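Understanding the architecture of this molecule
Okay, here's what each chain looks like letter by letter:
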Amino acid sequence: MIGFLVLIAAYLIGGIPFGYLLVKAKSGRDVRSLGSGNIGATNVLRTTGRSLGVLTLLLDIGKGALAVWIADRVTHGSAGWMAAAALAVMAGHAFPLYLKFKGGKAVASFVGAFLYLTPLPLFATLVVFVIVVAATRYISMGSIIGAGVFPVAVWLIEHPPAPVLAAAVIAAAFIVYRHRSNIDRIRAGNEHVFSFGGKH
């Protein structure tokens, strides 16, 4: 029973829409009506500014790590419940109760959750992400390729328990699935090009 309560808590934590709340607090605008319409850090950066974009990123990473940390503490380190909490916090970000189940792509919450659960493979994946973004200037391309690499990195580096590997595969597939529109834009040649400057 306690494990299921942990998953509910992870989902609700994941659903906290930091990008939406920060943009609303600063400008009174709804970030969903700006840019790509996404509530995540990239769209906040692009439409509202660097400082808010970075803060959104850190908070979304933080909520991912917090959800898995809670699962760790409450279930006494159960790999299965921690892995499930990682997926639940991502689901919360993508389908938040507070915004009628229309949320972000869950990349930052994925980073936070697996930074706690599988830190070395996550760092290896982030290196791939940075290289791809530097080469293509597409955040989405880095996220998609990073997601594809991640389960392989988890297997090769950690040989984890089956629930953790399964969660890595599901999380990676979910990230790619959430980037369907980006894949279409990349193919069409009109995907947004990344600039760290954003708006000031």
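All of the points below concern the structure found in this document. Residue numbering note: each chain is counted from 1, following its sequence as written. Totals for whole chains, interfaces and linings use all residues, but because this is a predicted model, local features are given only for residues with pLDDT of at least 70 and pairs of side-chain atoms are given and counted only at 80 or more. Remark: hydrogens and water are excluded; side-chain values derive from all non-hydrogen atoms of the structure.

Looking at the nonpolar core
By size, the foremost hydrophobic cluster in this structure holds 29 residues, and its most contacted members are Met90, Phe110, Phe114, Leu117 and Phe150. Only helix H1 (2-14), helix H4 (50-74), helix H5 (79-94), helix H6 (107-117), helix H8 (139-158) and helix H9 (162-178) provide two or more residues apiece to this core. With seven residues, H5 is the single largest residue contributor to this core. The contacts of Phe150, once residues within four sequence positions are left out, are Phe110, Phe114, Thr118, Pro121, Leu122, Thr125 and Ala168. For the purposes of this section, nonpolar cores are sets of buried Ala, Val, Leu, Ile, Met, Phe, Trp, Tyr and Cys residues that join through side-chain atoms within 4.5 Å. The classification of residues rests on relative accessible area computed with a 1.4 Å probe and restricted to protein chains. Under 20% of the type maximum is buried, over 50% is exposed, and intermediate values are partly exposed. Ranked by size, the runner-up nonpolar core spans nine residues in total, among them Val31, Val44, Leu52 and Leu99. Secondary structure elements are defined from DSSP: runs of H or I of at least 4 residues count as helices, runs of E of at least 2 residues count as strands, and each element is numbered from the N terminus. Here a residue-residue contact requires only that any non-hydrogen atoms of the pair lie within 4.5 Å.

Topic: the pattern of salt bridges
Criterion for a salt bridge: a side-chain nitrogen of Lys or Arg within 4 Å of a carboxyl oxygen of Asp or Glu. Applying the stated criterion across every chain, the model contains three salt bridges. In this structure, Asp30 engages Arg32 in a salt bridge whose closest nitrogen and oxygen atoms are separated by 2.8 Å. When its relative accessible area of 33% is taken as the criterion, Arg32 is described as partly exposed. Across the pair Lys63 and Asp60 runs a salt bridge whose closest N-O atoms are separated by 3.4 Å. Here Lys63 pairs with Asp60, and both are found in helix H4, just three residues apart, close to one helical turn.

Just geometry here; none of it tells us what the structure is for.
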